[in-house]
Amino acid sequence: MGCGTSVEAGVPPLHFLHQAYRVTERTDNVMKQTHPFVLSPDKDSLVREMLLDATAKAEELVTMFRESFLAVPTAAHHALKALHDAGHFVGPVLQHNFDLLAARAGLPEHFVRRYDQKVPPVPFHPEAKALLVVGLHADRRSVAKRARARGMRVFFVDTEGLEEFGQYMPYPLEGPQDGDVIVKAEATRTLIALCQLLGVNVPGAAPAL
């Protein structure tokens, strides 16, 4: 699972932290820039901003964490929980989102973003027949590769685009292979539709169009 479901819940995307902590240079739309890492003191404005306007900068630095605490699971999380309860979805949600939204929806989670591990261990359930990749564009190719090696089918649910700075920008998937299935649609609508096809009720969810 990528950050799309978290963004829908009001949690800023990961690159917000890069921008707030001045980790990368971002002068224009992310899809049009190379946004290199800030490695030279003359380009790193973080300390200067903290000294000149500490109150405003502190507000920016805590935004990600505050919104993570305030966010609640979305219909996509509840749809996954319904599929899990019905036995169609097995094993943990593999992700690097740290908002715990899946866990708060009652799903098992496995965090796969560890900088001390080049390829984190992936606990595939022994009964899993397929891997569902929901809007994930980072650190997921090794997971999909391991799934294929086990003979699992890989399904992608992704709009292959995002809206940023008020403009929709293409964001194509990076590593699909022959035999993979790509569903180019929003996660919430797709997961609710899947529940409907399987006769699984999602409490409080509106029917998918």
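Presented here is a report on the structure given in the accompanying data block. Quick caveat: nothing in here was measured; it's all calculated off a predicted structure. Sequence order sets the numbering: in each chain, residues are counted from 1 along the sequence as written. For this predicted model, a pLDDT threshold of at least 70 governs which residues receive local features, and a threshold of 80 or more governs which side-chain atom pairs are given and counted, while totals over whole chains, interfaces and linings are taken from all residues. Here the side-chain values reflect all heavy atoms present in the structure, with hydrogen atoms and water set aside.

With respect to the layout of surface pockets
- Only protein atoms enter the 1 Å grid used here, on which a cavity is any set of points holding a 1.4 Å probe that cannot leave and a pocket is any open set flanked by protein within 12 Å on both sides along at least five of seven lines; residues with an atom within 4 Å of a point are listed as lining. Grid points are joined across faces, edges and corners, and a volume is the space filled by probe spheres set on the points. Estimated volume of the second largest pocket: approximately 890 Å³.
- For the second largest pocket, the lining is made up of 39 residues, of which H88, F89, A130, L131 and L132 are closest to its centre.
- At the level of secondary structure, the elements contributing two or more residues to the lining of the second largest pocket comprise α5 (75–85), β1 (93–95), β3 (130–134), α7 (141–149), β4 (153–157), β7 (181–183) and α8 (187–197).
- Of the residues that constitute the lining of the second largest pocket, the class distribution is 30 nonpolar, five polar and four charged. A helix here means a DSSP run of H or I that spans at least four residues, while a strand means a run of E at least two residues long, and both kinds are numbered starting from the N terminus. Lys, Arg, Asp and Glu make up the charged group, whereas Ala, Val, Leu, Ile, Met, Phe, Trp, Tyr, Cys and Pro make up the nonpolar group; the residues left over, Gly among them, are polar.

Observations regarding the pattern of salt bridges
- Whenever a carboxyl oxygen of Asp or Glu lies within 4 Å of a side-chain nitrogen of Lys or Arg, that contact is scored as a salt bridge. The tally for this structure, following the rule as stated, stands at seven salt bridges.
- Residues R22 and E49 are paired through a salt bridge, measuring 3.1 Å at the closest nitrogen-oxygen approach. With R22 in the loop between α2 (15–20) and α3 (46–52) and E49 in helix α3, this pair connects stretches of sequence that are 27 residues apart.
- Residue classification places R22 among the partly exposed positions, given a relative accessible area of 21%.
- Accessibility here uses a 1.4 Å probe with only protein chains present; expressed as a share of the type maximum, an area under 20% marks a residue as buried, one over 50% as exposed, and anything in between as partly exposed. With relative accessibility at 22%, the residue E49 sits in the partly exposed group.
- Two residues, E67 and R66, come together in a salt bridge whose shortest N-O distance is 3.5 Å.
- Judged by its relative accessible area of 23%, E67 is partly exposed.

A few points about the side chain of H77
- One can find H77 in helix α5.
- Beyond its immediate sequence surroundings of up to four residues, H77 is in contact with M1, T5, L101, A102, A105 and L107. In this description, contact between two residues means that some pair of their heavy atoms is separated by no more than 4.5 Å.

Details of the sheet that holds β4
- Read from one edge of the open sheet, three strands run β3-β4-β7, paired in parallel fashion. Taken across any chain shown, the strands that pair with only one partner, and hence form the sheet edges, are β3 and β7. If you compare each strand with its neighbour and ignore which way they point, the axes differ by 20° on average.
- Relative to β4, β3 runs parallel, the two sharing five bridges. Looking at β4, one finds that L131 is bridged to V154.
- To get an axis, a line is fitted to the C-alpha atoms, and for a helix only the part in contact is used. The angle between two axes follows their N-to-C directions and goes from 0 to 180 degrees. Across the sheet, α7 touches β3 and β4, and the angle it forms with β4 is around 145°. Strands pair, by our definition, only if DSSP identifies at least two bridges between them.

Side note on the pairing of β4
- Where β4 and β7 come together, three bridges link them in parallel fashion. Bridging from a neighbouring strand, F155 pairs with V181 of β7.

As for the environment of F69
- Note that F69 resides in helix α4 (residues 54–70).
- With a relative accessible area of 70%, F69 lands in the exposed category.
- Each C-alpha atom of the pair F69 and L100 lies 9.0 Å from the other, and the pair is 31 residues apart in sequence.

Here's the deal with the environment of G4
- Position of G4 among the secondary structure elements: in helix α1 (residues 4–8).
- For G4, a relative accessible area of 33% translates into the label partly exposed.
- Separated by 182 residues in the primary sequence, G4 and E186 place their C-alpha atoms 8.9 Å from one another.

By themselves, these observations are geometric and do not establish any function.
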